[in-house]
Amino acid sequence: MHGHHFDPLAPLRTPADPACDVYLTGTVFLDIVFTGLDSAPVRGTESWARGMGSSPGGVANMATALARLGLRTSLAAAFGDDVYGDYCRESLERGEGIDLAFSHTVPGWHSPVTVSMAYEGERTMISHGHEAPPRPERAAASPSPGLGGAPNDPEAPDCPPPSRACVTSLAPGVGQDWIATAARHGSRVFADTGWDDTGRWDLGSLPDLTHCEAFLPNAEEAMRYTGRDCPRSAARALAERVPLAVVTLGAQGAYAVDSSSGETAELPAVPVDALDTTGAGDVFAAGFVTGSLAGWPLPDRLAFAGLTAALSVQEFGGSLSAPGWAEIAAWWRRVRPYDAAGTYAFLDPLLTGCGRPTALRRAVPTIGFGRGRPTA
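Once a new chain begins, its residue numbering starts again from 1 and follows that chain's sequence as written. Totals for whole chains, interfaces and linings use all residues, but because this is a predicted model, local features are given only for residues with pLDDT of at least 70 and pairs of side-chain atoms are given and counted only at 80 or more. Side-chain metrics rest on all non-hydrogen atoms present in the structure, leaving aside hydrogens and water.

## Here we look at helix α6 (residues 280-293)
Under the scheme used here, helices are H or I runs from DSSP no shorter than 4 residues and strands are E runs no shorter than 2 residues, and both carry numbers assigned from the N terminus. Expected helix span is computed as 1.5 Å times (number of residues minus one). The first and last C-alpha atoms of α6 sit 20 Å apart over 14 residues, in line with the 20 Å expected at 1.5 Å per residue. Residue exposure (1.4 Å probe, protein chains only): buried if accessible area is under 20% of the type maximum, exposed if over 50%, otherwise partly exposed. By the criterion of burial, α6 is predominantly enclosed, with 13 of the 14 residues buried. Of the residues one or two after α6, glycine 295 is the one with positive phi, at around 80°.

## Some details on the sheet that holds strand β7 (residues 113-119)
Spatial strand order, β3-β2-β7-β8: 4 strands in an open sheet with mixed pairing. With one partner strand each, in any of the chains shown, β3 (51-58) and β8 (122-128) form the two edges of the open sheet. Mean inter-strand twist for the sheet, computed between neighbouring axes without regard to direction, equals 20°. When DSSP finds two or more bridges between a pair of strands, those strands are recorded as paired. Note: strand β2 (residues 28-35) against β3, 8 bridges, orientation antiparallel. Note on β3: the bridge partner recorded for valine 28 is glycine 58. Should any heavy atoms of two residues lie within 4.5 Å, those residues are considered in contact. In this analysis, axes come from line fits to C-alpha atoms, helices being fitted only over the stretch in contact, and the angle between any two N-to-C directions falls in the range 0 to 180 degrees. Here helix α1 (residues 59-68) sits on the sheet and contacts β2 and β3; the angle it forms with β3, its principal contact strand, is near 90°.

## Section: the environment of valine 246
Within the secondary structure, valine 246 is located in strand β12 (residues 244-248). In this structure valine 246 comes out as buried when scored by relative accessible area, which is 0%. For valine 246 and phenylalanine 288, which are 42 residues apart along the polypeptide, the C-alpha to C-alpha distance reads 9.4 Å. Not counting residues within four places of it along the chain, the set of residues in contact with valine 246 comprises Phe215, Leu216, Pro217, Tyr255, Ala256, Phe284, Phe288 and Leu302.

Next up, the structure:
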């Protein structure tokens, strides 16, 4: 499978399983990331960045992270019929082995673009895009909320393909009918959220939370949604609304509360030199989903999610910085003698069938070098 040959779910697979492990839908951006800036840009001056990378972004971050961990991933998204759109589609489908059967190309629509500047461990982003127009026969359907908060591709199927899991982002006041359908058909739903621009931070405005098995906000989002002043207390409050609350604490790691078993788990982050944190939350979620589908204990799922996120921030860009199993194995070979607590010992039996590293594709400064317009 496109170099992601290691299958973490191999021991669990049966002929009756759905063909798809994880289904997701959303907006694909072309990300252009500037790194190596010494400080924030100053008005009226020109800043030079020491590094730059381009890669598919937006929902592509999550899709790529899942596929690189060996999950059979299906993405419904709109692609522009410009060079950026061709590049993103080719990168995801041919490069990463992501199933785009439910995606479509929109004639005359340009790809959304995000320019991101990374400095002092933070990032500042500027995005531009227009919502993809629905096909004429679907235009009469209910209007969706615009690009900013829209997790939906207007052409995504109302009834998604059967899958073990779905990953989505919940936006205030935006119900996504497909989530209820997927949950009803047996998919496990994992969701994160974004900044609430309305400022209300009302959990009641996230109607699809009731269909979620796990909710994975960051500490700031969790505290605002629950009115608590501590992320752990916020996680406990969220666990009253959703079976599993996982709050990411950035450099401090992550904390999880499983309300069905009463279990809690906390893990510090893996110390790394962060080059670019774009997409780290997506990679964390992908690692957590992988461990959940593989049936691992909660502490192992948290440890694995944190590890995948830590490995991703050492590379440029969102999607193409996601680690594969070979990189996880290489990291474990280096670190194993020092893991006195046995936090990552669960990797040992897993990685026995995992080969030596094969080079993963990374973000490049430009696209379409020396080949003219790529053919679809």
